[in-house]
Amino acid sequence: MKTPNPIITVNETEGQKLNIAGGNYRIIISGKQTNGEYAVIEMSVPPGAGPNPHSHADFTETFYVLEGEVSFKSELGSYVAKKNSFINIPKGGIIHGFKNLSNETAQLLCTVSPAGLDNLFEEMAEYIENASADDEMIKKEKVQTLFEKYGQTIYPENYLD
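What counts and how
- Residues numbered from 1 in each chain as written.
- Predicted model: local features only at pLDDT ≥ 70, side-chain atom pairs only at ≥ 80, totals over all residues.
- Heavy atoms only, no water.
- Helix = DSSP H or I, 4+ residues; strand = E, 2+ residues; numbered from the N terminus.
- Contact = heavy atoms within 4.5 Å.
- Pairing = 2+ DSSP bridges.
- Axes fitted to C-alpha atoms, helices over the stretch in contact; angles between N-to-C directions.
- Buried < 20%, exposed > 50% of the residue type's maximum accessible area, 1.4 Å probe, protein only.
- Polar contact = N/O pair within 3.5 Å; in protein donor to acceptor, adjacent residues only side chain to side chain.
- Core = buried A, V, L, I, M, F, W, Y, C linked by side-chain atoms within 4.5 Å.
- Salt bridge = Lys/Arg side-chain N within 4 Å of Asp/Glu carboxyl O.

> Tell me what's going on with the environment of Leu120, and back it up with residues and numbers.
By the secondary structure assignment, Leu120 is in helix H1 (residues 117-130). Taking C-alpha positions, Leu120 is 6.4 Å from Tyr150, a pair spaced 30 residues apart along the chain. Once residues lying within four places of it in the same chain are set aside, the contact partners of Leu120 are Leu146, Phe147, Tyr150 and Gln152.

Shown next as structure tokens:
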């Protein structure tokens, strides 16, 4: 009896595409495919876009800059990550975030271990797509609830300034 092939291949047109954090994200491999061990997300981040400062104690998040540059900030300092740069955010809850401060779209490859951020992104994208013209307070409360559901804490945009 032949066992199923455990190797997963994904080409450039495959994966789940999401509009989130002002950019276009593609879940290349989800936690559903890795038994929750990790997820890999390609992030296309337009000028001026990027997530607010946030923290997550229970997983490691890494970024590899494929194209462009982004400004990473954490409570420990800041770093301009250019093409071929690598950033590792370890477990423990360090507050961090990034913004594309350049005039070109940046492309990042993000890996999270264990998986879970991919599920947050899916729910967030679905909410954004289906949200009505609710007032801003309702939207902020919903986003806060989603972040908390996935072990994230979100901070105001200028928290690390």
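Back to the write-up after that little detour.
> Can you tell me about the sheet that holds strand E5 (residues 60-67), naming the residues and giving the values?
Ordered in space as E1-E2-E3-E10-E5-E8, the six strands form an open sheet in which the pairing is antiparallel. Looking at the sheet topology across the chains shown, the edges are occupied by strand E1 (16-20) and strand E8 (86-89). Each strand of the sheet is rotated relative to its neighbour by a mean of 20 degrees, with strand direction disregarded. Inspection of the sheet shows strand E3 (residues 39-45) paired to strand E10 (residues 106-113) by seven bridges, in the antiparallel sense. For Glu42, the partnering residue across the bridge sits in E10 and is Leu109.

> Describe in detail unusual backbone geometry, supporting the description with residues and values.
Residues apart from glycine generally show negative phi values, whereas peptide bonds are mostly found in trans. With an omega of -5 degrees, the peptide bond running from Ser113 to Pro114 counts as cis. Tracing the backbone through its elements, the reader meets Pro114 in the loop between E10 and H1. For Asn35, which is not a glycine, the phi torsion comes out positive at approximately 55 degrees. As for its placement among the helices and strands, Asn35 is situated in the loop between strand E2 (23-29) and E3. By relative accessible area, Asn35 is classed as exposed at 72%. Located in the positive-phi region is Asn84, a residue other than glycine, with phi close to 75 degrees. Within the element layout of this structure, Asn84 appears in the loop between strand E7 (77-82) and E8.

> How would you summarise the environment of Glu67 if you had to cite specific residues and measurements?
Among the structural elements, Glu67 can be located in strand E5. Sequence separation of Glu67 and Thr111 is 44 residues, and the distance between their C-alpha atoms is 16 Å. Excluding its chain neighbours within four sequence positions, the residues that come into contact with Glu67 are Lys83, Thr105, Ala106 and Gln107. In terms of polar contacts, Glu67 uses its side chain to reach the side chain of Lys83, at 3.5 Å.

> Outline the nonpolar core, listing residues and values.
Counting 30 residues, the largest nonpolar core has Tyr25, Met43, Phe63, Phe98, Leu108 and Phe121 as the members making the most contacts within it. Looking at this core, the element that brings in the most residues is H1, giving six residues. Excluding its chain neighbours within four sequence positions, the residues that come into contact with Phe63 are Met43, Phe72, Ser85, Phe86, Ile87, Ile89, Phe98, Leu108, Leu109 and Cys110.

> Before we move on, could you go through the pairing of E1 and cite the residues and values that matter?
Where a strand is regular, its side chains alternate between the two sheet faces. Where E1 meets E2, five bridges bridge the pair, whose relative direction is antiparallel. Residue pairing for E2: Lys17 is matched across the bridge by Arg26. Hairpin geometry of E1 and E2 is characterised by an intervening segment of two residues between the two adjacent antiparallel strands and by a positive phi of about 50 degrees at Ala21.

> A description of the pattern of salt bridges should follow, citing residues and the corresponding values.
The final tally for this structure, using the stated rule, is five salt bridges. Salt-bridge contacts for Glu42 lead to Arg26; the nearest nitrogen and oxygen are separated by 3.0 Å. Here Glu42 is found in strand E3, whereas its partner Arg26 is found in strand E2, with 16 residues between them in sequence. Put simply, Lys32 and Glu122 hold a salt bridge, and the shortest N to O gap is 3.1 Å. Placement of Lys32 in the loop between E2 and E3 and of Glu122 in helix H1 is noted, with a sequence separation of 90 residues between them. Glu122 gets classed as buried once you look at its relative accessible area, which sits at 17%.

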